[in-house]
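Single-letter residue listing:
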Amino acid sequence: IRHGLDHDPERLRHEFARVSDLNRADRSTDFPDADVSEFFNSLFAPEDRDQSREAAMVFRAASTTAWRPRVDTIESVRTLIEHGSPVGIVSNTQRAYSEFEVRSLGIDGVAPVVFSSDVRACKPDPRALLRACELASVRPTECLYVGNDPSDDVKAAQAADMPVLLIVEPESQVPMSDVPTCTR
């Protein structure tokens, strides 16, 4: 028992399902996302939020292979910022553990950072992209969305009326015929 937390696996599964069902109750999207921080918070007393965040990070470390951006991403983002271009990040992941990962990249000046858990919808739903535009006080047509998922990223940008640049990984097995056509 650590931090006074003593839950059996069945109770954890039940609590995760309960919180996920509550989060996914919004049927206004075909691509709902839960906020796992609510699950971790439900396991701890309100005054123990630090332990809740720590539990989320331990879960992430135990359940994810090494996460890292493309080799040239950090340098490209820094160059854009140095030249005065605003840069934001939109990701299909959880703020509960990915916020730390983004901060650990050591890139100052990235804002906004929007995770799918913030808007309770994953790409290709455009909500996260539209929220980033709202936070940055720009119109979607004034942005360039750079993504690496030929389906979710392109479709989300198109639904948001945002120009999109698709970075196709050399090892990608996706046939280009499966990539949605961009009209901009």
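Everything here concerns the structure above.
Below, the structure is looked at part by part.

Here is what the cut-offs are and how they apply
- Numbers given to residues run from 1 along each chain, matching the order in which its sequence is written.
- Per-residue local features of the predicted model are confined to residues with pLDDT of at least 70, and side-chain atom pairs are confined, for both listing and counting, to 80 or more; whole-chain, interface and lining totals are unaffected and use all residues.
- Remark: hydrogens and water are excluded; side-chain values derive from all non-hydrogen atoms of the structure.
- Here a salt bridge means any side-chain nitrogen of Lys or Arg lying within 4 Å of a carboxyl oxygen belonging to Asp or Glu.
- Strands are runs of DSSP state E lasting at least two residues, helices are runs of H or I lasting at least four, and both sets are numbered from the N terminus onward.
- Only protein chains enter the accessibility calculation, which uses a 1.4 Å probe. A residue is then buried if its area is under 20% of the maximum for its type, exposed if over 50%, and partly exposed in between.
- Only residues above 30% relative accessible area that lack a salt bridge enter a patch, with like-charged residues linked at up to 9 Å and the nonpolar side chains Val, Leu, Ile, Met, Phe, Trp and Tyr linked at up to 5 Å.
- Here the open area of atoms and residues is found with the Shrake-Rupley method and a 1.4 Å probe, where only the protein chains shown may cover a residue.

1. Here's the deal with the pattern of salt bridges
- With the rule as written, the count across this model stands at seven salt bridges.
- Note that Glu99 and Arg103 form a salt bridge whose closest N and O atoms lie 3.9 Å from each other. Here the residue Glu99 and the residue Arg103 both occupy positions in helix H5 (residues 95-103), the gap between them amounting to four residues, near one helical turn.
- Among the residues examined, Glu99 registers a relative accessible area of 31% and is labelled partly exposed.
- The partner of Lys123 in a salt bridge is Asp153, with the nearest N and O atoms 3.0 Å apart. Here the residue Lys123 occupies a position in the loop between helix H6 (116-119) and helix H7 (127-136), and Asp153 occupies one in helix H8 (residues 152-159), the gap between them amounting to 30 residues. When sorted by exposure, Lys123 lands in the same class as Asp153, which is buried.
- Linked through salt bridges whose partners overlap, the residues forming this network are Arg95, Glu99, Arg103 and Asp118.

2. Describing a nonpolar patch on the surface
- A cluster of nonpolar side chains, Leu144, Val146 and Leu165, forms an exposed patch at the surface whose accessible area comes to about 270 Å².
- Of note, Leu165 is situated in strand S4 (residues 164-166).

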